[in-house]
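In case you want the letters, here they are:
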Amino acid sequence: MNIDAITGATNTSNAILNAVADAVNQAGGDAEALKKVEVAANEAAGENAALAQTDGIFYMVCDKNNAGVGEDGITYGGQNIQDLIDAGLVVKADTLEELAELIDVDPATFVETIEKFNEAVKTGVDPEFNRASFGGDFINPDGNPGIFEPPFYTGPRTPSAHITKGGLKVNTSAEVIGTDGNAITGLYAAGEVTGGRTVAGLLEAMTSGRTAGKTIMGK
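Figured I'd write up the structure that's included with this text. As the structure is a computational prediction, the values presented were derived from the model and not from experiment.

Criteria and cut-off values
Per chain, the residues get numbers from 1 upward, laid out in the order the sequence is written. With pLDDT at 70 or above as the cut-off, local features in this predicted model cover only qualifying residues; side-chain atom pairs require 80 or more to be listed or tallied, and sums for whole chains, interfaces and linings still use all residues. To obtain the side-chain values, all non-hydrogen atoms of the structure were used and water was disregarded. Helix and strand definitions follow DSSP, with helices as H or I runs of at least four residues and strands as E runs of at least two, each counted in order from the N terminus. Under the scheme applied here, a residue whose accessible area is under 20% of the maximum for its type counts as buried, over 50% as exposed, and between as partly exposed, the area being computed with a 1.4 Å probe on protein chains only. By definition, residues are in contact when any of their heavy atoms lie within 4.5 Å. To be clear on the numbers: accessible area is Shrake-Rupley with a 1.4 Å probe, and residue cover counts the displayed protein chains and nothing else. In this count, Lys and Arg are taken as positive residues and Asp and Glu as negative ones, while His and the chain termini are left out. For this analysis, a salt bridge means a side-chain nitrogen from Lys or Arg found within 4 Å of a carboxyl oxygen belonging to Asp or Glu. Polar contact is the term for a pair of N or O atoms within 3.5 Å; when the atoms are in protein, one must be able to donate a hydrogen and the other to accept it, and sequence-neighboring residues count only if both atoms are side-chain atoms. Here, expected helix span is obtained from the residue count minus one, scaled by 1.5 Å. At least two DSSP bridges between two strands are required for those strands to pair. For helices, the fitted line uses only the C-alpha atoms of the stretch in contact; every axis is such a line through C-alpha atoms, and the angle between N-to-C directions lies from 0 to 180 degrees.

What follows covers the overall build of the protein chain. A count of helices and strands for the protein chain gives eight helices and five strands. Secondary structure of the protein chain in N-to-C order comes out as α-α-α-α-β-α-β-α-α-β-β-β-α. Considering the protein chain as a whole, with its 219 residues, one finds that 27% of them fall into the buried category. Long-range contacts, defined as pairs at least 24 residues apart, comprise 60% of the intrachain contacts of the protein chain with a sequence gap of at least 6. Roughly 13600 Å² of accessible area belongs to the protein chain as shown, and the carbon and sulfur atoms make up 55% of that amount.

Relative to the assigned elements, Asp 63 resides in the loop between β1 (58-62) and α5 (81-86). Of the side chains bearing the opposite charge, Lys 64 lies closest to the buried Asp 63, which forms no salt bridge; the N-O distance is 9.4 Å. Among the polar contacts listed, one links the side chain of Asp 63 to the backbone nitrogen of Phe 148, at a separation of 2.9 Å.

All right, on to helix α7 (residues 107-123) then. Taking 1.5 Å of rise per residue, 17 residues should cover 24 Å, and α7 covers 24 Å from first to last C-alpha, within 8% of that figure. Among the residues making up α7, those that are buried are Phe 110, Val 111, Ile 114, Phe 117, Asn 118, Ala 120 and Val 121. Buried-residue contacts for α7 involve β1 and α6 (96-102). Taken from the residues just after α7, Gly 124 is the one with a positive phi, measuring 80 degrees.

Our focus in this paragraph is the sheet that holds β1. Strand order in this open sheet of three strands is β1-β3-β2, and the pairing throughout is antiparallel. Two strands in the sheet have a free side with no partner beyond their single neighbour: β1 and β2 (91-93). Adjacent strand axes in the sheet meet at a mean angle of 25 degrees when their direction is disregarded. Here β1 runs beside strand β3 (residues 152-157); their pairing, made up of five bridges, is antiparallel. Among the inter-strand pairings, Val 61 is bridged to a residue of β3, identified as Thr 154.

On inspection of all chains with the given rule, the structure shows two salt bridges. Among the salt bridges present, the one from Glu 149 reaches Lys 64, with a minimum N-O distance of 3.9 Å. One end of the pair, Glu 149, is in the loop between α7 and β3; the other, Lys 64, is in the loop between β1 and α5, with 85 residues separating them in the sequence. Given a relative accessible area of 38%, Lys 64 falls into the partly exposed group. The partner of Lys 116 in a salt bridge is Glu 112, and the shortest N-O contact between them spans 3.8 Å. With Lys 116 and Glu 112 both in helix α7 and four residues apart, this pair spans about one turn of that helix. Note on Lys 116: relative accessible area 48%, which makes it partly exposed.

With that settled, the discussion passes to the environment of Ala 50. With respect to the element layout, Ala 50 can be found in helix α4 (residues 39-51). Remark: the alpha-carbon pair of Ala 50 and Thr 158, spanning 108 residues in sequence, is separated by 7.7 Å. With residues near it in sequence (within four places) discarded, Ala 50 still touches Gly 56, Phe 58 and Pro 159.

Comment: phi is negative for the bulk of residues other than glycine, and the bulk of peptide bonds are trans. Here the residue pair Pro 150 and Pro 151 is connected by a cis peptide bond, since its omega of 0 degrees sits within 30 degrees of zero. Structurally, Pro 151 is set in the loop between α7 and β3. Backbone geometry places Ala 174, a non-glycine residue, at a positive phi of 70 degrees. Residue placement: Ala 174 occurs in the loop between β3 and β4 (175-177).

Pairing of β4 with strand β5 (residues 183-188), which is carried by two bridges, proceeds in the antiparallel orientation. Considered in β5, the bridge of Ile 177 is made with Ala 183. Hairpin connection between β4 and β5: a loop of five residues separates the two successive antiparallel strands, and Gly 181 in this loop has a positive phi of roughly 90 degrees.

Here it is in C-alpha cells:
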C-alpha cells in the first residue's frame, strides 16, 4: 500500500491508493497495517547495510550487459568509461575475483554475494533484503538474469542524506492535514516538505505544486 516509499507516487496515484485503502477497510481489513508491511524494514535493512560498511563506502557492481557502456566505450550518460577508470571513479576487471581484489574485498565473499544476488534476480525472491525490484531485472541478451558476463564494473558509493522522509501530511488536494485528521484551512504543502516520499525532485515538486495551485484556485 505504501507505494510512495518505493516509487514516489504522484497525488493522482495517491487518490487510487486511498480508494484501495477504503475498499480494504470496508472488507474488514486494516489498510494502515498493510502500509507498514515490509516497506520500513526493507529500507532500514538496505540503509543499515550501506552505513555499516568500512568508512561508509560500498560498491555498485554490474557487468557488460547492464553497465550502460556502449561498444565505443561511452556511457549512457555520455562519458568516456576510460576517463572514469583513470579518475578512480570506476573499476573494471575481467573476473569477479579480480574485481574484488582491486577494491580490497575478499574474493570468495564477493563472488558468493554476486551469486546470491543472481539467484534472487532469477527467482524474484530476496531472502536477505526482501527487495521487490531489481533495476530492470538485469535481463541479459541471452535471456539469463544477473551479473555474470565480463567485463565487470564497480565504483565506490557513499550514503547521502538528500531527501526528507517525514514531513507534513497532505491529502490529494495538497491540503495539510492537522492532528485531528482534518484539512487545515488555507494551508497547503508540496514537494519534499510533505511526508511519505523517498523519491522526489522536480517532477514531484511540479506535480504536487500544480495540485496545490489548482486547489487554491478552485479548479
